Amino acid sequence: MGATFDLFTEPGATPVCSRAGCSSTASWRVNWRNPRIHAEDRVKIWAACDEHRDFLADYLRSRSFPVRVTGIDDDVENLDDTSARVAGDGR
Ligand SMILES: [Zn+2]
């Protein structure tokens, strides 16, 4: 396991893309969770620039992790195991 890179440790700090080697300002959050090691209410966040948003999300989806991409200021409280689920099902 291991924290790959946890972002937003300092509220108000300018988020930078999580992609290794990229120092672009992030405008997206990639919210994800590893169901094997994280509790259901746990949400890990990577920040992503426009260029790497899909790369990071696909990377996680390829591991069958629940993933949801949101705007950089949007909070996600939890993630469904079914990543294909449409948001806003009233749960
Ligand atoms: Zn990037």
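These numbers were taken from a predicted model, which means no experiment stands behind them.

Enquirer: What am I meant to see in the overall build of the protein chain here?
Expert: Check the secondary structure of the protein chain and you find one helix and three strands. Tracing the protein chain from N to C terminus, the helices and strands come up as β-β-α-β. The buried share among the 91 residues of the protein chain stands at 26%. Residue pairs in contact within the protein chain that sit at least 24 positions apart in sequence constitute 58% of those at least 6 positions apart.

Enquirer: Just to check I follow, could you spell out the nonpolar core for this structure?
Expert: Side chains of nonpolar character tend, in soluble globular proteins, to be buried together. Residues A26, V30, A48, L56 and L60 are the most contacted members of the largest nonpolar core, which totals 14 residues. Counting only elements with at least two residues in this core, the list comes to β1 (28-32), β2 (44-48) and α1 (53-61). Once you skip the residues sitting within four places of it in the chain, V30 turns out to touch W46, A48, R53, L56, A57, L60, V67 and V69.

Enquirer: Explanation requested: unusual backbone geometry in the structure shown.
Expert: Most of the time, phi is negative for any residue but glycine, and the peptide bond is trans. The phi angle at S64 is positive, at roughly 65°, despite the residue not being glycine. Assignment of secondary structure puts S64 in the loop between α1 and β3 (67-71). Classification of S64 as exposed rests on a count of 12 C-beta atoms within 10 Å.

Enquirer: I tried to follow the confidence of the model for the protein chain on my own but got confused; where do I start?
Expert: The predicted structure's coordinates, where accompanied by low pLDDT, should not be read in detail. Scored by pLDDT, the protein chain comes out at a mean of 81, with 75% of its residues at no less than 70. At the level of individual helices and strands, the protein chain shows its lowest average pLDDT in β2, which scores 93, and its highest in α1, which scores 96. Here residues 1-5 is modelled with pLDDT under 50, and outside its nearest four sequence neighbours on either side it reaches three contacts, counting other chains as well. Contacts for the low-pLDDT stretch residues 83-91, under 50 throughout, to residues beyond four places or in other chains number five contacts.

Calculation rules
- Residues numbered from 1 in each chain as written.
- Predicted model: local features only at pLDDT ≥ 70, side-chain atom pairs only at ≥ 80, totals over all residues.
- Helix = DSSP H or I, 4+ residues; strand = E, 2+ residues; numbered from the N terminus.
- Buried ≥ 20, exposed ≤ 12 C-beta atoms within 10 Å, placed from the backbone.
- Contact = placed C-beta atoms within 7 Å.
- Core = buried A, V, L, I, M, F, W, Y, C linked by C-beta atoms within 7 Å.
- pLDDT = per-residue confidence, 0-100.

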